[in-house]
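Structure at a glance
Listed below are the residues making up each chain.
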Amino acid sequence: MNEFLDCGQIVNTHGIHGEVRIVPWADSPDFLCQFSTLYVDGTSIAVASSRVHKGSVIAHLQEVDTVEAAMVLKGKTVQIRRADAKLPKGAFFLADIIGLDVVDENGQKLGSLKEVLSPSLQQVYVVEGKREIMIPAVPEFILETNIEAGYIKVRLIEGM
């Protein structure tokens, strides 16, 4: 598991005092607001303040006090340190399940998890094997996610 996780992208500046707009790659922009330190290009940057605004995070990063300084960060990926993240019990990072084996209820391997789509409120797991299978990430189909053992157990229905 990687020590740092990509969690968003700085897409623009905000205002005239060096704030940046970050599009979060998380379930909620509030998740990103809990961190006092973010990482850009491997360098730690203290967060002076952050707030949610229209689905994005507006952050004032220490020592970024002008629009010009903020523009240098535009397009950069923002990371967090895994150890700093507080996840609820049973929750996991999507980065940790990409590549896991996907097995059916009988333990037969169907393939591996290629990507997770988020077309709406519901995520969809894309499994690459003999054929590509798209599985809604809901309890009716995702029976078990065991990161330590390296698999996701699923229930398929006819037509999947």
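Structure shown above.
Summarised in this report is the structure supplied together with it. (Residues numbered from 1 in each chain as written. Predicted model: local features only at pLDDT ≥ 70, side-chain atom pairs only at ≥ 80, totals over all residues. Heavy atoms only, no water.)

Moving on, we get to the side chain of Asp96. Among the secondary structure elements, Asp96 is positioned in the loop between strand 6 (77-81) and strand 7 (101-103). Residue class for Asp96 comes out buried when judged on its relative accessible area of 14%. Here the side chain of Asp96 touches Arg82 through a polar contact of 2.7 Å, side chain to side chain. Other than its neighbours up to four places away in sequence, Asp96 contacts Met1, Arg82 and Ile147. (Helix = DSSP H or I, 4+ residues; strand = E, 2+ residues; numbered from the N terminus. Buried < 20%, exposed > 50% of the residue type's maximum accessible area, 1.4 Å probe, protein only. Polar contact = N/O pair within 3.5 Å; in protein donor to acceptor, adjacent residues only side chain to side chain. Contact = heavy atoms within 4.5 Å.)

In this section: empty space enclosed by the protein. Taken as a whole, this structure holds one cavity of 30 Å³ or more when the rule is applied. By volume, the largest cavity is sized at about 40 Å³. Along its surface, the largest cavity is lined by Ile22, Leu32, Cys33, Phe35, Leu38, Val47, Ser50, Val57 and Ala59. Breaking the lining of the largest cavity down by element, the ones donating at least two residues are helix 1 (29-33), strand 4 (43-53) and strand 5 (56-61). Partitioning the lining of the largest cavity into residue classes produces eight nonpolar, one polar and no charged. (1 Å grid on protein atoms, 1.4 Å probe; cavity = no way out; pocket = protein on both sides within 12 Å on 5 of 7 lines; lining within 4 Å. Points joined across faces, edges and corners; volume = space filled by probe spheres on them. Nonpolar A, V, L, I, M, F, W, Y, C, P; charged D, E, K, R; others polar.)

Below, the discussion takes up the packing of aromatic side chains. The tally for this structure, following the rule as stated, stands at three aromatic pairs. Plain terms: the ring middles of Phe4 and Tyr39 are 4.8 Å apart, the flat faces sit at 65 degrees to each other, and that makes the pair edge-to-face. Pair noted here: Phe4 is in strand 1 (residues 4-14) and Tyr39 is in strand 3 (residues 37-40), with a separation of 35 residues, a long-range link. According to the relative accessible area criterion, Phe4 is partly exposed, its value standing at 27%. When the ring of Phe31 is compared with that of Phe35, the centres are 5.3 Å apart and the planes differ by 75 degrees; the resulting orientation is edge-to-face. Feature note: the residues Phe31, Phe35 and Phe93 constitute an aromatic cluster, connected by ring pairs. (Phe/Tyr/Trp six-rings, centres within 6.5 Å; stacked < 30°, edge-to-face > 60°.)

A separate point is the sheet that holds strand 5. What the six strands build is a closed barrel, ordered 1-2-5-4-3-6; its pairing is antiparallel. Along the sheet, successive strands turn relative to each other by an average axial angle of 50 degrees, direction set aside. Examined bridge by bridge, strand 4 and strand 5 share six bridges and lie antiparallel to one another. Bridge pairing in strand 5 places His53 opposite Ser56. (Pairing = 2+ DSSP bridges. Axes fitted to C-alpha atoms, helices over the stretch in contact; angles between N-to-C directions.)

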